[in-house]
Amino acid sequence: MSDIAPSSQRAVASRAIFCAHCVAESTDRTPGAISTTNGIGRKFYGNAMPCPECGSVIRTLWWCFIEAPVIPLGSYRYKTLEPETYGFLGPRQQFYSRRLPDLHWQQIWPTWAIGTVAAVLAVCAIIAFGGRR
Ligand SMILES: [Zn+2]
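Here the structure is a predicted model, which is why all the values come from computation and not from measurement.

*Asks:* Outline the overall build of the protein chain, supporting the account with residue identities and numerical values.
*Replies:* Per the secondary structure count, the protein chain includes three helices and five strands. Out of the 133 residues belonging to the protein chain, those deemed buried represent 21%. Taking as baseline every contact in the protein chain between residues at least 6 positions apart, the subset at least 24 positions apart corresponds to 52%.

The following block contains the structure:
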């Protein structure tokens, strides 16, 4: 529906958040607003290669269906500003992310495997419960 506006101001700000090394290995592209509705939408998964300088990690942005990662959209250098809070419709997570030029396949394969198994189980459960009606 709405396309992802290049939030260049945010990208420039992120250069100060990440260390020079992380800025150098990534691009100024940011993922825009991340939101999921009923488990369908874009979501970050993974946690790889923590940076010793600025503490950022590599996370991959996925298009998700019922919380299961389906399509890898891009890998990012990702840094949370506040401690992550989890809650039902909880506060929005404050984070900065900078897109890496390539997908981080080392992270994507296991995420995909786990996500696919979870999705298959979810679909089986839906069919099983649906069939009993
Ligand atoms: Zn760094």
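*Asks:* Give me the sheet that holds strand β1 (residues 36–37): which residues, what numbers.
*Replies:* Reading across the sheet, the five strands line up as β1-β2-β3-β4-β5 and stay open at both edges, with antiparallel pairing between neighbours. On the outer flanks of this sheet lie β1 and β5 (95–99), each paired with one strand and no other. Taken together, the two bridges between β1 and strand β2 (residues 40–48) define a ladder with antiparallel strand orientation. The partner of Thr36 across the bridge, within β2, is Gly41. In this fold helix α3 (residues 105–131) packs onto β2, β3 (57–65) and β4 (68–80), with an angle of close to 135° to the strand it touches most, β4.

*Asks:* Could you give an account of the pairing of β2, naming the residues involved and the relevant values?
*Replies:* Hairpin connection from β1 to β2: two residues lie between these consecutive antiparallel strands, with Asn38 at a positive phi of about 50°. Bridge count for β2 against β3 is six bridges, and the pairing is antiparallel. Across the sheet, Tyr45 pairs through a bridge with Thr60, a residue of β3.

Reading the values: the criteria
Residues numbered from 1 in each chain as written. Predicted model: local features only at pLDDT ≥ 70, side-chain atom pairs only at ≥ 80, totals over all residues. Helix = DSSP H or I, 4+ residues; strand = E, 2+ residues; numbered from the N terminus. Buried ≥ 20, exposed ≤ 12 C-beta atoms within 10 Å, placed from the backbone. Contact = placed C-beta atoms within 7 Å. Pairing = 2+ DSSP bridges. Axes fitted to C-alpha atoms, helices over the stretch in contact; angles between N-to-C directions.

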